[in-house]
Amino acid sequence: MTTKQTTMDSPLGPLTIITQAGALTRIGFGGDPAAGPPDEAVRQLTAYFEGARTTFDLPLAPAGTEFQQRVWAALDEIAYGATISYGELTERIGAPRDRIRAVAAAVGANPLLVVRPCHRVIGADGSLTGYAGGLDRKRELLTLEGVLQPTLL
């Protein structure tokens, strides 16, 4: 299998994009932006950050357990500009309420940040809880999507 790694600049800092056989396997913050031919993931992410795209149409192939895959698939169903709680997500996948921590752990293990919108999952009280990219980036993503108002400095 051919693995390709690309790093792009984003408003939230560098994003490293890894594909295998043409399907996304990982997107994370960090890395050194390097010049290279833009691929479809870079084009779609750039359009998202510019406010011109609200969904992604990319082949996805992240490694994870069956349970994680189920949770991650449910993340794909959270609409742009919307949020849900971990409890709501637990209900959506048909898991018992006592599995909410397992659901939260699966959300935290999401290897496709931004594209799989784990930033749209918030605490039951509306608080911004946990995000592998950091809470500041979660706040910025939700502000970009119109969920939160921009903060004045």
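Note that this is a predicted model, so its numbers are computed, not measured. (Residues numbered from 1 in each chain as written. Predicted model: local features only at pLDDT ≥ 70, side-chain atom pairs only at ≥ 80, totals over all residues. Heavy atoms only, no water.)

(A) Examining the sheet that holds strand E3 (residues 23-29) more closely. Judged by pairing direction, the sheet is antiparallel, and its 3 strands sit side by side in the order E1-E2-E3 without closing on themselves. Of all the strands in the sheet, the pair left with one neighbour each is strand E1 (3-8) and E3. Sheet twist, expressed as the average angle between the axes of neighbouring strands with direction ignored, equals 20 degrees. Pairing analysis gives 6 bridges linking strand E2 (residues 15-20) to E3, with the strands arranged antiparallel. Its bridge partner being in E3, isoleucine 17 is matched across the sheet by isoleucine 27. (Pairing = 2+ DSSP bridges. Helix = DSSP H or I, 4+ residues; strand = E, 2+ residues; numbered from the N terminus. Axes fitted to C-alpha atoms, helices over the stretch in contact; angles between N-to-C directions.)

(B) View of the environment of proline 11. Inspection of the secondary structure puts proline 11 in the loop between E1 and E2. For proline 11 and threonine 46, which are 35 residues apart along the polypeptide, the C-alpha to C-alpha distance reads 9.4 Å. Setting aside residues no more than four positions away along its own chain, proline 11 makes contact with Phe49 and Glu140. (Contact = heavy atoms within 4.5 Å.)

(C) Expanded view of unusual backbone geometry. Within the chain, alanine 21 stands out as a residue other than glycine whose phi angle is a positive 50 degrees. Among the secondary structure elements, alanine 21 is positioned in the loop between E2 and E3. Judged by its relative accessible area of 55%, alanine 21 is exposed. Backbone geometry places valine 114, a non-glycine residue, at a positive phi of 75 degrees. In this structure, valine 114 sits in the loop between helix H4 (100-108) and strand E5 (121-122). (Buried < 20%, exposed > 50% of the residue type's maximum accessible area, 1.4 Å probe, protein only.)

(D) Local environment of the pairing of E3. Here E3 lies mainly inside the structure; 6 of its 7 residues are buried. Count of turn residues in the E2/E3 antiparallel hairpin: 2 residues, of which alanine 21 carries a positive phi of about 50 degrees.

(E) Local environment of helix H1 (residues 40-49). Of all 10 residues in H1, 7 are buried, a share of seventy percent or more. In this fold, the buried residues of H1 make contact with E1, E2, E3 and helix H5 (135-144). Within two residues after H1, glycine 51 carries a phi angle of roughly 85 degrees, on the positive side.

(F) Geometry of the side chain of arginine 116. Summarising the element assignment, arginine 116 is placed in the loop between H4 and E5. Polar side-chain contacts of arginine 116 include one of 3.2 Å to the backbone oxygen of tryptophan 72. Other than its neighbours up to four places away in sequence, arginine 116 contacts Leu60, Pro62, Trp72, Ala73, Asp76 and Asn110. (Polar contact = N/O pair within 3.5 Å; in protein donor to acceptor, adjacent residues only side chain to side chain.)

By themselves, these figures tell us nothing about what the structure is for.
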